[in-house]
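# Commentary on secondary and tertiary structure
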Amino acid sequence: MMQTSLALFLGAAAAAVTTITAAPVSAAPPPVKVFILLGQSNMLGEGRKDGAKGLEGAVTTQGMYPYLWDAAKKNWSTSENVRSVFLMASGGPTSAITLFNNEFMTGAETTPSPLPGIHSVNKNSIGPELGIGFTLGNYTSDPVMCLKSCIGGRSLGWDLLPPTQTSFDYTDPTDGKVYTYAGYHQSPNKWLKGTTPKPISWEAGIQYDGDVFRASQVLANLSTYYPGATDYEVAGFFWWQGSKDAYDMALAQHYEENLVALIKSLRLAFKSPNAKFVAATLGQTLQNDTTSTEGVILHAQQAVDGTGQYGAIKYPEFKGNVATVYSHPYSQGSTSQNHYGGDPITYMNIGQAMGQAMVELLKSSA
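The structure contained in this document is the topic of the report that follows. (Residues numbered from 1 in each chain as written. Predicted model: local features only at pLDDT ≥ 70, side-chain atom pairs only at ≥ 80, totals over all residues. Heavy atoms only, no water.)

### Some details on the nonpolar core
In terms of nonpolar packing, the biggest core is built from 45 residues, with Met145, Leu147, Trp239 and Phe277 touching the most fellow members. Among the elements that line this core, the one with the most residues is helix 8 (residues 255-269), at six residues. With residues up to four places along the chain from it excluded, the contact list for Met145 reads Val32, Lys33, Val34, Phe35, Arg83, Val85, Val218, Leu222, Tyr225 and Tyr226. (Core = buried A, V, L, I, M, F, W, Y, C linked by side-chain atoms within 4.5 Å. Buried < 20%, exposed > 50% of the residue type's maximum accessible area, 1.4 Å probe, protein only. Helix = DSSP H or I, 4+ residues; strand = E, 2+ residues; numbered from the N terminus. Contact = heavy atoms within 4.5 Å.)

Written as structure tokens, this is what we have:
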């Protein structure tokens, strides 16, 4: 009898105990995959947005790039995961900054909200970022940031010279004289060999310093530029540049060496040794051009390619992580110096090709 009562008591007690279930722990959001866009006016972008000859006409009249248009709302679409950030300044880290983009990527006109110490402006033109960004967004649902830090009229061999690069001598065939070209943080850009250089208010690599610094500041204040984000990884770099170097054969002939140094320097600066790198050639330059300054630069850009599409891979350390897009087939005409006549299709097509090249690199290492 006592055993039965005890059993009944214990059963009742057990029934009265409330089961406590631990609250589910929400997973931390994945780090933002950051892709840094660098270069000069090609990357800066002067593709028209408005009107029949602008991006608006290409999308709404010609039916191109349907991912840019929300047919149900009859308005520009907005990416759910790709953030567009674009800062510009002339020179080094202390230069005044203009912010053109700080929103989820869209083809619509936007003016970023003001930030302390930064001037916000609506830039009513496009570069390759829309083609790049939406291609990346189609590949991954993870948070993505396309972070553009550049300005026009800059050469890799002078303004954007990487920190490891030293001075060199070059004999100018037009006058037979030997000139010394500046190494990193030297000034001016060149001087007659054997003479004392007279520095100017600009030095080799100053734009590299500034563009890298400004991109780093965005990442240091991540949630300001990607709301809610707490962590990031620099997953890749995009590079579209070469017009200014094409004005000087000395710089053209050193472009390959400087581009190799740039890739290594950027990976080191952003502590991202495995970040992918995609370059694009100038739209007007033909594959069979091997003698002009633009042709020399094109083949220099293709020489760093690590996919094997242009022949044997010259730099084994770039195998599977560096790609170069031959952009001439995507260009609608004009030249990089003339900003491709403001043609938005050129910028979109080359942007898409660059984005897809990056996706293929990412897939190969997934």
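### Points about the sheet that holds strand 11 (residues 178-181)
Taken together, the three strands give an open sheet; going across it, the order is 10-11-12, and neighbouring strands pair in antiparallel fashion. Bordering the open sheet on either side are strand 10 (168-171) and strand 12 (190-192), each of which pairs with just one other strand. Taking each pair of neighbouring strands and ignoring which way they run, the sheet shows an average axis angle of 35 degrees. Here strand 11 runs beside strand 12; their pairing, made up of three bridges, is antiparallel. Bridging from a neighbouring strand, Thr180 pairs with Trp191 of strand 12. (Pairing = 2+ DSSP bridges. Axes fitted to C-alpha atoms, helices over the stretch in contact; angles between N-to-C directions.)

### Quick look at the sheet that holds strand 5 (residues 78-88)
Taken together, eight strands build an open sheet; the order of strands is 7-6-5-9-1-13-14-15 and the sheet is mixed. The open sheet has two free edges, formed respectively by strand 7 (118-120) and strand 15 (322-325), since each of these has just one partner strand. Between one strand and the next, the sheet's axes are offset by a mean angle of 25 degrees, whatever the strand orientation. With six bridges joining them, strand 5 and strand 9 (residues 144-149) adopt parallel strand pairing. Across the sheet, Phe86 pairs through a bridge with Lys148, a residue of strand 9. Running at roughly 40 degrees to strand 6 (residues 97-106), helix 4 (residues 129-139) makes contact with strand 1 (32-39), strand 5, strand 6, strand 9 and strand 13 (232-240) of the sheet.

### Here's the deal with the environment of Gln332
Relative to the helices and strands, Gln332 resides in the loop between strand 15 and helix 10 (344-364). What Gln332 contacts, discounting residues up to four positions off in sequence, is Asp343, Ile345, Thr346 and Asn349. In terms of polar contacts, Gln332 uses its side chain to reach the backbone carbonyl oxygen of Tyr330, at 3.4 Å. (Polar contact = N/O pair within 3.5 Å; in protein donor to acceptor, adjacent residues only side chain to side chain.)

### Digging into helix 5 (residues 206-220)
Owing to its 3.6 residues per turn, the α-helix brings residues three or four apart onto one side. With 15 residues, helix 5 should reach 21 Å at 1.5 Å per residue; the first-to-last C-alpha distance of 21 Å fits that figure. Within helix 5, 11 of the 15 residues are buried, which leaves the element mostly enclosed by the surrounding structure. The complete set of buried residues in helix 5 reads Ile206, Gln207, Tyr208, Asp209, Gly210, Asp211, Val212, Arg214, Ala215, Val218 and Leu219. (Expected span 1.5 Å × (residues − 1).)

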